[in-house]
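# Coordinate analysis (summary)
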Amino acid sequence: AAVLGLVTRGTAVRYPPLFYWAALCSLTDEDIQGALVERWPMVSAEVQQAVLDLHAPEGAFENPGAETVSLVGALWPAGCGPGAGKVERLLQSWVFNCFHGGSGEEDGRFDSLALLHGAAMMSHSCEPTAVWTFGGGGGGGGPSDLTFALRARTHIDAGAEVTIPYLSNGALRLPTPDRRAQLLAAKDFLCHCPRCDGDLDDTRAFSCPLCGGEAFAATGAACCFEGLAGCGAPDRGGGVLAGCVIELMEGPLEDQDLEGRGAVVCVSGCGTLPPVLASSLLTAEADARAALLGAGPTVARRLELWLGGGLGDRIADADDACLPNALGLLEQAQTSGLGGTHWIVDALRAVAVEQATDDRLRCVLLRARSESCEEREHGGPAPHAMAKLARLRMALSETLICLASKASGVSEEPAVDEVGVLREALDVSRGAAGTFEVLFGHLHPEFCQATAAFDRISGLLQELTMSDAPDACDAQ
């Protein structure tokens, strides 16, 4: 704690303190000789060389950050120690190659780091074929559970490259420009995975104004919205949409070359839409995005959590009621042509779920989110959306249990079918448990939570059906 305190003393830092601690723990016994503080964990020269062999930006050794220089100066007298350049190089190896976990990793918070030399060589894809976890306990396994487990998300042909995501599950649901901006800021590369280089952006879905079918913005379609608040210089601290840079179109949208930069393509048979129709849809998208992301810090903090299928606390504080008319904005967005699988529609539904005080409405919204996730790509959820679907099913299951418990002994109009509600909860919890087991294994906490929910609902159903059954005297 004393060492980490030095990191934030009077100097702006680029990364969470845990990264600096990891860099210091990658030093050897020879490196730390002469330190002014008590010794800390170190590594062998062989392990350190493996860390240094991993990717880091050019010039990291020659241009250490000011806080790295300050840290080294506080830990060693002048002329002693490894030098700020070496610490900076180790720091960058951790920043660009580590795996992290924790209870809040979907929204940029984590409490454990691991640097796994072989796994760090794996390539990123925004539609990964595999998912990784720490041991049997998942990403939050912590330092005592750092066995690297890799599981397929889809069929992988023999000889094909196995890819993993460098982004959170929620960030994978963002549009191509946002994903690329995050990776450029955090990992120093422009993503050219098949999904980013594809013709259409699967997160920007519209309802075709000609046939009512599904349409998508072209991957190269420019966006005519203002830049995100708080985005600019890369924020490598892991904030939501860190370092996002938005390409703005010059002049009115209707004057742009929509055949290339701004095309919207109907996949139901109409093909590329006329510029005037594409202009209308992209303008509606820009307005909805501005309303969502300009609503306040609450949305920015929770966006990746929502898009990943997580369910945060209900928004109760007046200061956090950042979108008091989320349902109205949702209706407006869909009326203007945004499709049910559009990432903005999904995010607005998530806000509405958190703000809803009626469990019936929460169930309707959660069903809609689950169904849109299942319908993606016409063949069920894409591999990167499977965890999201399972989490949405768990949220729906929990809300259905609440609805059933409130219905017990209460006269409502219209009445709630308590048995039917619990049976639906049983089905969705079973589906969630099956997905979690396939993705993460039977020791993962989310699988355990899903099976516990399934057992609980089974018990409630059994009690309810037994209490409703007539006894022998009633039958006679």
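What comes next is a walk through the structure. Not measured: the values here are computed from a predicted model. (Residues numbered from 1 in each chain as written. Predicted model: local features only at pLDDT ≥ 70, side-chain atom pairs only at ≥ 80, totals over all residues. Heavy atoms only, no water.)

This part is about the packing of helix H7 (residues 275–293) against helix H10 (residues 343–355). At their nearest, the axes of H7 and H10 sit 10 Å apart, and the two run at 35 degrees to each other. The crossing of H7 and H10 is left-handed. For the pair H7 and H10, contact is made by Glu285, Ala288, Arg289, Leu292 and Leu293 and by Trp343, Ile344, Ala347, Leu348 and Val351, respectively. (Axes fitted to C-alpha atoms, helices over the stretch in contact; angles between N-to-C directions. Helix = DSSP H or I, 4+ residues; strand = E, 2+ residues; numbered from the N terminus. Left-handed = near helix turned anticlockwise from the far one by under 90°. Contact = heavy atoms within 4.5 Å.)

So, about unusual backbone geometry. Of note, Asp188 is a non-glycine position whose phi angle comes to about 70 degrees, a positive value. Relative to the elements of secondary structure, Asp188 occurs in the loop between helix H6 (176–187) and strand E5 (200–207).

This part takes up H6. Helix length check: H6 (12 residues) gives 16 Å between terminal C-alpha atoms against 16 Å at 1.5 Å per residue, within 8%. At the exit of H6 stands Asp188, carrying a positive phi of roughly 70 degrees. (Expected span 1.5 Å × (residues − 1).)

As a further point, take the nonpolar core. Ranked by internal contacts, the top residues of the largest apolar core, which has 59 residues, are Cys126, Phe206, Val264, Leu292, Leu338 and Trp343. If one sorts the elements of this core by residue count, H10 sits on top with nine residues. Aside from chain neighbours lying at most four places away, what touches Leu338 is Ala205, Phe206, Ser207, Ala284, Glu285, Ala288, Ala333, Ile344 and Val345. Counting residues in each nonpolar core, the second largest holds 27 residues, with Tyr15, Leu27, Trp76 and Ala84 among its members. (Core = buried A, V, L, I, M, F, W, Y, C linked by side-chain atoms within 4.5 Å. Buried < 20%, exposed > 50% of the residue type's maximum accessible area, 1.4 Å probe, protein only.)

What follows covers the side chain of Lys187. Counting through the fold element by element, Lys187 comes out in helix H6. Of the side chains bearing the opposite charge, Asp188 lies closest to the buried Lys187, which forms no salt bridge; the N-O distance is 11 Å. A polar atom in the side chain of Lys187 sits 3.2 Å from the backbone oxygen of Val95. When neighbours within four sequence positions are excluded, Lys187 is seen to be in contact with His55, Val95, Phe96, Asn97, Cys98, Tyr166 and Gln182. (Lys, Arg positive; Asp, Glu negative; His and termini not counted. Salt bridge = Lys/Arg side-chain N within 4 Å of Asp/Glu carboxyl O. Polar contact = N/O pair within 3.5 Å; in protein donor to acceptor, adjacent residues only side chain to side chain.)

Strand order across the open sheet formed by four strands is E5-E6-E7-E8, with antiparallel pairing between neighbours. Because the sheet does not close on itself, it has two edges, and the strands there are E5 and strand E8 (271–272). Two elements, strand E7 (residues 264–266) and E8, share two bridges in a ladder whose sense is antiparallel. What sits directly across from Val265, in E8, is Thr272. Contacts from H7 reach E5 and E7, with the element oriented near 100 degrees to E5. (Pairing = 2+ DSSP bridges.)

What follows is about the packing of aromatic side chains. All told, the structure shown has six aromatic pairs when counted by the stated rule. Ring geometry for Phe99 and Trp132: centres 4.9 Å apart, planes at 75 degrees, overall edge-to-face. Taken as a pair, Phe99 in strand E1 (residues 99–101) and Trp132 in strand E3 (residues 130–134) lie far apart in primary sequence, 33 residues in all. Owing to a relative accessible area of 6%, Phe99 belongs among the buried residues under this scheme. One cation-aromatic arrangement involves Lys187 over Tyr166; the distance from NZ or CZ to the ring centre is 5.9 Å. (Phe/Tyr/Trp six-rings, centres within 6.5 Å; stacked < 30°, edge-to-face > 60°. Lys NZ or Arg CZ within 6 Å of the ring centre and 35° of its normal.)

Let's shift gears to the environment of Glu398. With respect to the secondary-structure elements, Glu398 resides in helix H12 (residues 386–407). With 30 residues separating them along the chain, Glu398 and Val428 place their C-alpha atoms 9.9 Å apart.

A few words now on the pairing of strand E6 (residues 214–218). Within E6, four of the five residues are buried, which leaves the element mostly enclosed by the surrounding structure. Inspection of the sheet shows E5 paired to E6 by four bridges, in the antiparallel sense. Within the sheet, the bridge partner assigned to Ser207 lies in E6 and is Glu214. The turn joining E5 and E6, which pair antiparallel and follow one another in sequence, is formed by six residues; a positive phi near 80 degrees is taken by Gly212. When E6 meets E7, the two strands line up antiparallel, connected through three bridges. Paired with Ala217 across the strands is Val264, a residue of E7.

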